[in-house]
Every structure is written in C-alpha cells, then in structure tokens.
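# Close look at the chain arrangement
Below, each chain spelled out in residue letters.
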Amino acid sequence: MSIKNYITKRLLGGFELVILMRQGLSRFDGTPRETFISFLIMLVTMPISFISILIYPPLGTKDYSAMRIFLTHELSSIVSFALIMLLLYGFTKYVTKNT
C-alpha cells in the first residue's frame with residue numbers, strides 16, 4: 001500500500017468514526033506498528049507548532065517568550081492526551097468486564 005493510500009484510508013476511517021459510522025473502525029489494522037505511527041504524529045507536529053507560534057504568536061502573549069508559550073501548549077496537549085487514554089482504558093475495562 002502506498003503512503004498516499006495509507007494516509008487516505010486512515011483519515012477516512014477517522015472521519016467515519018467521528019460521525020459514528022461502524023465501518024470506520026475496519027479501516028484500521030490495530031497492529032502495534034500502527035499504534036506507534038499514530039504516536040509519532042504528535043512528535044512530527046511539535047516543530048510545526050513551534051514555528052507557527054514563533055511566526056504568529058497568540059493574541060495577548062507578546063510579553064511571553066515563544067518557548068514558554070510552546071511548552072505550555074505542549075504540556076496541556078500531553079496532559080489531555082494522557083487523561084483521554086486513561087478514560088479509554090477505564091471504559092474498555094468496564095465494557096469487557098460486563099461482556
């Protein structure tokens with residue numbers, strides 16, 4: 001599968017999951033490799049986020065350094081990601097316990 005087809009299939013699956021279509025889940029393999037790739041996306045977008053903060057700082061933040069804004073942004077992203085993963089873990093434990 002080419003990279004273009006791989007990305008297109010996963011994006012379509014993600015969109016279908018957002019609008020609650022069951023076939024969206026079938027577009028993902030669920031392999032450890034695919035899970036690792038999804039975590040790499042966060043690392044790839046970090047430099048892009050930093051550059052965008054350098055070029056276009058958020059309104060009302062001219063007194064703060066770009067690095068401070070970036071670290072605050074990334075820390076909040078990591079904390080929210082961890083909380084979402086904990087909630088998903090708890091939900092799957094609850095669902096599998098009752099089945």
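See above for the structure.
Residues numbered from 1 in each chain as written. Predicted model: local features only at pLDDT ≥ 70, side-chain atom pairs only at ≥ 80, totals over all residues. Heavy atoms only, no water.

## A look at the overall build of the protein chain
Put simply, the rule reads: The secondary structure listing takes helices from DSSP runs of H or I that are at least 4 residues long and strands from runs of E that are at least 2 residues long, numbered from the N terminus. Only C-alpha atoms enter the radius of gyration, while the globule expectation follows 2.2 Å times N to the 0.38, with N the number of residues. The cut-offs for exposure are 20% and 50% of the maximum accessible area for each residue type, with area from a 1.4 Å probe on protein chains only; residues under the lower value are buried, those over the upper are exposed, and the others partly exposed. Here a residue-residue contact requires only that any non-hydrogen atoms of the pair lie within 4.5 Å. Reported accessibility uses the Shrake-Rupley method at a 1.4 Å probe radius. Residues are deemed covered only where the shown protein chains occlude them. Counting rule applied: Lys, Arg positive; Asp, Glu negative; His and chain ends not counted. By convention, charge coordinates are those of NZ in Lys, CZ in Arg, CG in Asp, or CD in Glu.
When you go through the protein chain residue by residue, the secondary structure sums to 3 helices and 0 strands. The linear arrangement of helices and strands in the protein chain, starting from the amino end, is α-α-α. By the compact-globule yardstick of 13 Å for 99 residues, the protein chain is too spread out, its C-alpha radius of gyration being 18 Å. Along the longest, intermediate and shortest principal axes, the C-alpha atoms of the protein chain span 55 × 35 × 25 Å. Scored against the burial criterion, the 99 residues of the protein chain give a buried share of 12%. Sequence-distant contacts, at least 24 apart, represent 28% of the contacts inside the protein chain between residues at least 6 apart. Carbon and sulfur atoms form 73% of the exposed surface of the protein chain, whose accessible area is close to 8,400 Å². Taking the 10 positively charged and 5 negatively charged side chains of the protein chain as two groups, their mean positions are separated by 6 Å.

## Overview of a nonpolar patch on the surface
Our working definition: Every patch collects residues that have over 30% relative accessible area and no salt bridge, joining them within 9 Å if they carry like charges and within 5 Å if they are nonpolar side chains (Val, Leu, Ile, Met, Phe, Trp, Tyr). Definition used for salt bridges: Asp or Glu carboxyl oxygen within 4 Å of a side-chain nitrogen of Lys or Arg.
On the surface, L12, F15, V18 and I19 cluster together to form a nonpolar patch covering roughly 390 Å² of accessible area. As for its placement among the helices and strands, F15 is situated in helix α1 (residues 3-18).

## Things to note about α1
Our working rule: The span you would expect from a helix comes to 1.5 Å times its residue count less one.
Taking 1.5 Å per residue, 16 residues should reach 22 Å; α1 reaches 23 Å between its end C-alpha atoms and fits that length. Once α1 finishes, L20 follows within two positions and takes phi at roughly 60°, a positive value.

## Describing the side chain of S49
Mapped onto the secondary structure, S49 falls in helix α2 (residues 32-55). Not counting chain neighbours up to four residues away, the residues in contact with S49 comprise F70, H73 and E74.

## Some remarks on the packing of aromatic side chains
How we decide: Under the pairing criterion, centres of Phe, Tyr and Trp rings, with the six-membered ring standing for Trp, must be within 6.5 Å; the plane angle then separates stacked pairs below 30 degrees from edge-to-face pairs above 60, leaving the rest tilted.
Counted according to the given criterion, the structure contains 1 aromatic pair. Taking the centre distance of 5.1 Å and the plane angle of 75° together, the rings of F50 and F70 count as edge-to-face. Taken together, the residues span a long stretch of sequence, with F50 in helix α2 and F70 in helix α3 (residues 66-97) at a distance of 20 residues. Since its relative accessible area comes to 9%, F70 is described here as buried.

## As for the side chain of E16
As for its placement among the helices and strands, E16 is situated in helix α1. Residues within four places of E16 in sequence aside, it is in contact with M21, Q23, G24 and R27.

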